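Given next are the chains, with one letter for each unit.
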Protein chains: 2
Amino acid sequence: MTTPIQVVQWGLGAMGSGMARLLRQKDGIEIVAAFDRDANKIGQDLGAFLGGEKNGVLIQAPPLTEADGPEAGRPAGKWPQRADLVLLATSSFTREVAPQIKEALRQGLNVISIAEEMAYPYAREEGLAREIDQEAGSRGVSVLGTGINPGFVLDTLVLALTGPCLEVKKIKATRINDLSPFGPTVMRTQGVGTTVDEFAAGLASGAIVGHVGFRESIHLIAKALGWRLERIEEQRSPIVAKVRRETPYVKVEPGQVAGCRHTAVGYVGGEAKIELIHPQQVLPQVEGAETGDYIEISGKPSLNLMIKPEIPGGLGTMAMAVNMIPQVLAARPGLLSMAELPLPSALLGDVREILKWRKGE
Amino acid sequence: MTTPIQVVQWGLGAMGSGMARLLRQKDGIEIVAAFDRDANKIGQDLGAFLGGEKNGVLIQAPPLTEADGPEAGRPAGKWPQRADLVLLATSSFTREVAPQIKEALRQGLNVISIAEEMAYPYAREEGLAREIDQEAGSRGVSVLGTGINPGFVLDTLVLALTGPCLEVKKIKATRINDLSPFGPTVMRTQGVGTTVDEFAAGLASGAIVGHVGFRESIHLIAKALGWRLERIEEQRSPIVAKVRRETPYVKVEPGQVAGCRHTAVGYVGGEAKIELIHPQQVLPQVEGAETGDYIEISGKPSLNLMIKPEIPGGLGTMAMAVNMIPQVLAARPGLLSMAELPLPSALLGDVREILKWRKGE
C-alpha cells in the first residue's frame with residue numbers, strides 16, 4: 001500500500017496530546033514531527049511522552065515564523081522532509097496562530113487548527129483571513145478551523161438541521177455543559193467561585209471571557225444561509241449558585257458564581273434571527289438544569305433537536321480535528337470552513353482508503 | 001447581476017411539484033423547463049399548474065432517453081437552450097432513472113435525483129452507478145441522490161454525529177413516523193389496514209415493500225467510516241393495532257395491521273454494527289409511541305440524538321433536493337453522495353451569491 005498520510009502535530013497541551021494519541025490509533029496515518037514550546041517536553045520521544053511505545057520522533061521547539069522576527073535567537077524545530085498536514089493546537093486566537101499557519105503553508109502543508117477564532121476567521125480578522133486564503137490558494141493546499149464549539153454544535157449541526165427546511169424564520173441553539181472536569185484556568189476565565197462583584201470586575205477587566213466562538217458561529221451560519229448579518233449583541237451574566245456546588249478544583253457556596261451565562265444574538269433585517277446560548281458552569285444538574293445540546297429551528301418545518309447529555313467538549317474537539325483530515329486533504333485549495341467541506345465522520349478504517357474515496361479515485 | 005441559476009424540473013408529482021414551488025420562492029434561480037409524462041399536465045403553463053402566476057414555461061412530455069429505443073414514436077419534450085441542473089423526481093429506482101440521468105448528462109447538465117436508490121446507487125446497481133459516474137466525469141458535471149430518508153436522517157445525520165467520536169462501536173438509528181397524511185398508494189405498500197395473513201402474503205408477493213433505502217444508507221455509512229460491510233439482514237413484520245386507528249384514508253381495527261416494522265442490520269467483522277429501524281404506520285401516538293428521529297452512537301464518547309417530532313418526510317425531501325443545488329454546482333465532477341458533499345443548509349438569500357461563496361470566488 002501507499003505511504004501513510006504524514007501529519008505534523010504542533011502543540012502538545014491537553015488537546016494536542018489527545019489528538020496525537022488518537023492519530024496513533026488510526027491506520028494509514030502517522031506523526032512525522034511534533035512541536036511544542038514547553039522546554040520540559042522538548043527532546044522527549046513523542047510516543048513515550050504520550051504514554052505509549054517510543055516512536056523515534058523527538059519533540060522539538062516550534063519552527064521559526066514571521067512572529068519571531070528576522071533575528072530570532074531561540075532554538076527552532078526543523079520541518080520534516082515530507083508531510084501532508086499540520087494539526088495545530090497552540091492558541092484560541094487567529095492573531096496568534098496566523099504566523100504558524102502561514103509558515104506551514106510556505107512548507108506546502110495543509111493545516112487544521114482548533115483555534116476557536118479560526119472556525120470562521122473572517123468574523124474578527126478579515127485581513128488575516130484573506131492573507132491565509134491567498135497563501136493557501138497559491139500553494140495549492142487547504143486550511144480549516146474546527147472543534148466541538150465553534151466547529152460543530154452551534155454552527156455545523158445548526159446548518160445541517162436547516163437542510164430539510166423550506167423556510168427558516170429563526171434559529172435558537174443552546175449548549176448546557178458541566179465544567180467540572182476542567183482545571184483552574186477554565187474556572188478563572190468563566191468566573192467560577194467568584195463573588196458577584198468580582199465577576200463584574202472580571203468581565204470589565206477581560207479576565208472573565210465566557211465563550212470564545214459566538215461571533216464565528218453566527219457569521220458562518222449567516223454566510224452559508226445567505227442572510228445579511230447586521231450586528232451581533234452579546235451578553236455575559238453570572239450564574240449565581242442557590243446551593244453549594246463542589247468539584248475537585250473549586251468550591252462554590254450559595255450566593256457565589258457557578259459560571260458564566262453567555263448569549264449572542266445575530267440580527268438580520270432588524271430581527272433577532274440567530275440566538276446562541278451557552279451557559280458554562282460547574283454542576284448545573286444540582287439545580288435541575290439538564291446538560292445537553294439543543295437546537296430549535298422555527299420555519300417550515302419547525303424542528304427540535306436534542307443531544308443529551310451534551311457532546312463532551314474535550315474529546316469532541318480532538319476527534320473533530322483528526323476526523324476532518326481526509327476532507328481537508330481532498331478539498332479545493334484555500335481557507336475553508338466546516339460549512340464548505342463534507343460533513344465530519346469518524347475514521348474507523350484505513351485513512352488512505354477513506355481519502356482515496358473522498359478524492360473520487 | 002449575473003443570469004439566474006437555471007433549473008429543469010423533471011417530474012411534477014407531489015414531490016416534484018413541491019420542489020418546483022419552492023424553487024419559485026428562491027432568489028437567483030429559475031425554472032427554464034418542466035417535464036412530466038401525465039398527458040393532463042402536458043401543455044399547461046407551469047406557473048399556473050403550480051397554483052401561482054403564469055411563467056411562460058409550458059409543461060412538456062419527457063425528452064427521449066435510451067429507454068425509448070431508437071424508433072420512439074411518442075411526443076418528446078425539448079431541452080432548453082441553456083440550463084445548469086436537472087431536478088429529477090420521477091421514480092424510486094436507479095434502473096428507472098438511470099436513462100433519464102444519462103440523457104441529462106449528455107446535455108451537459110448536473111443532476112439531483114430524489115430516487116431513494118440513488119442516495120447510494122453502488123449498493124444495488126454498481127454497474128449503472130459506475131456508468132453514471134463516468135459519464136458525469138467526462139462531461140464535467142455532478143450527480144447527487146438525496147432526500148429525507150435515505151439522504152438525511154438515517155445516513156447523513158448519523159455520519160455527522162460520528163464526527164466528534166474517537167471510536168465508534170455500534171450505531172443504532174430509529175425513525176418513527178406517522179403515515180396519516182399519505183394516501184392509498186403508501187397505505188398499500190406498507191400494508192396498512194390488512195389482516196396479518198394478508199400482510200404476510202403481501203410481503204411474499206412484493207406488494208408490501210416497507211422502506212426503500214436501508215441498503216443505501218448502510219452502504220454509505222460503512223463506506224464513509226471505512227468499515228468493510230459483510231452483509232445486511234433485513235426484517236419486515238406487521239405492526240398489529242391494539243386499538244382502533246382511523247385516518248381520512250384508512251380504518252384499522254384492533255388486530256389489523258397499522259403498518260410495517262422494517263429493520264436492517266449491517267455486519268462488519270461478524271458484528272452487528274449498523275442497526276437501522278424504521279416502523280412506518282398510521283397514528284403510532286395512539287398506542288404511546290412518540291414519533292421522532294433517534295440516533296445512538298456507542299463509542300467514545302457515546303452520543304444520543306433526538307429530533308421530536310420526526311422531520312416531516314415530504315417537506316424534508318423537497319427541501320433537501322432544492323437546498324443541495326449550490327453544493328452540487330460547486331462539486332467535483334462525477335457521481336457523488338451526501339457524505340462527499342458539504343452539509344445541506346437552507347437557501348435563504350440569493351442562490352447565486354451562496355454558489356459564488358461555495359466556489360471560493
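Note that the structure is predicted; figures quoted are calculated from it, not measured.

The rules behind these values
- Residues numbered from 1 in each chain as written.
- Chains lettered and ligands numbered in written order.
- Predicted model: local features only at pLDDT ≥ 70, side-chain atom pairs only at ≥ 80, totals over all residues.
- Heavy atoms only, no water.
- Helix = DSSP H or I, 4+ residues; strand = E, 2+ residues; numbered from the N terminus.
- Rg over C-alpha atoms; globule rule 2.2 N^0.38 Å.
- Buried < 20%, exposed > 50% of the residue type's maximum accessible area, 1.4 Å probe, protein only.
- Contact = heavy atoms within 4.5 Å.
- Areas by Shrake-Rupley, 256 points an atom, 1.4 Å probe, with all protein chains shown as cover.
- Salt bridge = Lys/Arg side-chain N within 4 Å of Asp/Glu carboxyl O.
- Polar contact = N/O pair within 3.5 Å; in protein donor to acceptor, adjacent residues only side chain to side chain.
- Nonpolar A, V, L, I, M, F, W, Y, C, P; charged D, E, K, R; others polar.
- Least-squares fit on C-alpha atoms with pLDDT ≥ 70 in both.
- Pairing = 2+ DSSP bridges.
- Axes fitted to C-alpha atoms, helices over the stretch in contact; angles between N-to-C directions.
- Expected span 1.5 Å × (residues − 1).
- Arc of directions from axis to C-beta.
- UniProt positions renumbered as here; feature names shortened; annotations may be inferred.
- Right-handed = clockwise from strand over helix to strand, strands pointing away.
- Phe/Tyr/Trp six-rings, centres within 6.5 Å; stacked < 30°, edge-to-face > 60°.

Undergrad: Requested: an account of the overall build of chain A, with residues and values cited.
TA: For chain A, the helix and strand inventory stands at 11 helices and 15 strands. Taking 2.2 N^0.38 as the reference for a compact globule, 361 residues should give roughly 21 Å; the C-alpha atoms of chain A span a radius of gyration of 21 Å, in line with that estimate. Judged by the C-alpha coordinates and their principal axes, chain A covers about 55 × 50 × 40 Å. Of all 361 residues assigned to chain A, the portion counted as buried reaches 58%. Across chain A, every contact between residues at least 6 apart in sequence was considered, and the portion connecting residues at least 24 apart equals 70%. Just so you have it, chain A exposes about 14000 Å², and 47% of that area is on carbon and sulfur atoms.

Undergrad: Which residues make up the interface of chain A and chain B, and what values go with them?
TA: Facing the 60 residues of chain A at the interface are 60 residues of chain B. Between chain A and chain B we count 2 salt bridges in total. When the shortest N-O distance is used, the salt bridge between R228 of chain B and E353 of chain A registers 3.0 Å. Applying the counting rule to chain A against chain B returns 21 residue pairs in polar contact (both at pLDDT 80 or more). Of the residues belonging to the side of chain A that touches chain B, the class tally is 37 nonpolar, 12 polar and 11 charged.

Undergrad: If you had to explain the relation of the copies chain A and chain B to someone new, which residues and values would you point to?
TA: Both copies of the chain are related by one operation, a rotation about an axis with a shift along it. Expressed as a screw transformation, the operator carrying chain A onto chain B has a rotation angle of 180° and an axial translation of 0.0 Å, and the superposed copies differ by an RMSD of 0.0 Å. Each copy turns onto its partner about a two-fold axis. For chain A, the minimum C-alpha distance to the rotation axis belongs to P342 of chain A and amounts to 1.9 Å. Same-surface contact between copies: 100% of interface residues of chain A are shared with the interface of chain B.

Undergrad: An account of the sheet that holds strand β6 (residues 142-145) of chain B is requested, with residue identities and associated values reported.
TA: Residue and element names in this part refer to chain B. Ordered in space as β3-β2-β1-β4-β5-β6-β15, the 7 strands form an open sheet in which the pairing is parallel. If you trace the sheet from one side to the other, it starts and ends with β3 (59-60) and β15 (334-336), each paired once. Where helix α1 (residues 14-25) meets the sheet, its contacts fall on β1 (5-10), β2 (29-35) and β4 (85-88), and the angle it forms with β1 comes to roughly 160°.

Undergrad: Report on helix α4 (residues 126-139) of chain A, specifying residues and quantitative values.
TA: Residue and element names in this part refer to chain A. Helix length check: α4 (14 residues) gives 20 Å between terminal C-alpha atoms against 20 Å at 1.5 Å per residue, within 8%. Listing the buried residues of α4 in full gives L128, A129, I132, E135 and A136. All buried residues of α4 fall inside an arc of 135° around its axis, so they share one side. Seen from the open side of α4, the exposed residues pointing more than 90 degrees away from its buried face are Q134 and S138. Just downstream of α4 lies G140, where phi reads positive at about 75°.

Undergrad: Can you lay out the environment of Y120 of chain B for me, pointing to particular residues and giving the numbers?
TA: Considering the arrangement of structural elements, one finds Y120 of chain B in the loop between β5 (110-113) and α4 (126-139). Once the C-alpha coordinates of Y120 of chain B and H219 of chain B are considered, the two residues, 99 residues apart in sequence, prove to be 7.3 Å apart. Ignoring any residue separated from it by four or fewer positions in sequence, one finds Y120 of chain B in contact with W357 of chain A together with E216, H219, L220, K223 and S337 of chain B.

Undergrad: Talk me through the side chain of Q100 of chain B; I want residue IDs and the actual numbers.
TA: On the secondary structure map, Q100 of chain B appears in helix α3 (residues 94-106). Contacts of Q100 of chain B, omitting those with residues within four sequence positions, involve W10, T65, L88 and T90 of chain B.

Undergrad: Account for the UniProt feature "domain: 2,4-diaminopentanoate dehydrogenase C-terminal" (unreviewed entry) in chain A, with residues named and values stated.
TA: The UniProt record marks residues 152-356 of chain A with the feature "domain: 2,4-diaminopentanoate dehydrogenase C-terminal" (unreviewed entry), using the residue numbering of this structure. In the segment residues 152-356 of chain A, helix accounts for 28% and strand for 33%; the C-alpha atoms at its two ends are 25 Å apart.

Undergrad: So what about the pairing of strand β5 (residues 110-113) of chain A? Which residues, and what values?
TA: All names here are of chain A. Side chains of β5 alternate between two faces, with N110 and I112 and V111 and S113 buried alike. Two strands pair when backbone bridges link them, and strand β4 (residues 85-88) and β5 are joined in this way by 4 bridges, in the parallel orientation. Its bridge partner being in β5, L85 is matched across the sheet by N110. Read from β4 through helix α3 (residues 94-106) to β5, the crossover connection turns out right-handed. At this point the chain moves from β5, through α4, to the parallel strand β6 (residues 142-145), and the crossover so formed is right-handed.

Undergrad: I'd like a rundown of the packing of aromatic side chains, residues and numbers included.
TA: All names here are of chain B. Using the criterion set out here, one finds 8 aromatic pairs over all chains in the structure. Here the aromatic rings of W10 and W79 are separated by 5.9 Å at their centres, their planes lie at 70°, and the arrangement is edge-to-face. Remark: W79 occurs in the loop between β3 and β4 and W10 occurs in strand β1; sequence separation between them is 69 residues. The exposure classification of W10 matches that of W79, with both residues buried. Ring geometry for F35 versus W79: centroids 5.4 Å apart, planes at 80°, classification edge-to-face. Of this pair, F35 sits in strand β2 while W79 sits in the loop between β3 and β4, and the two are 44 residues apart along the sequence.

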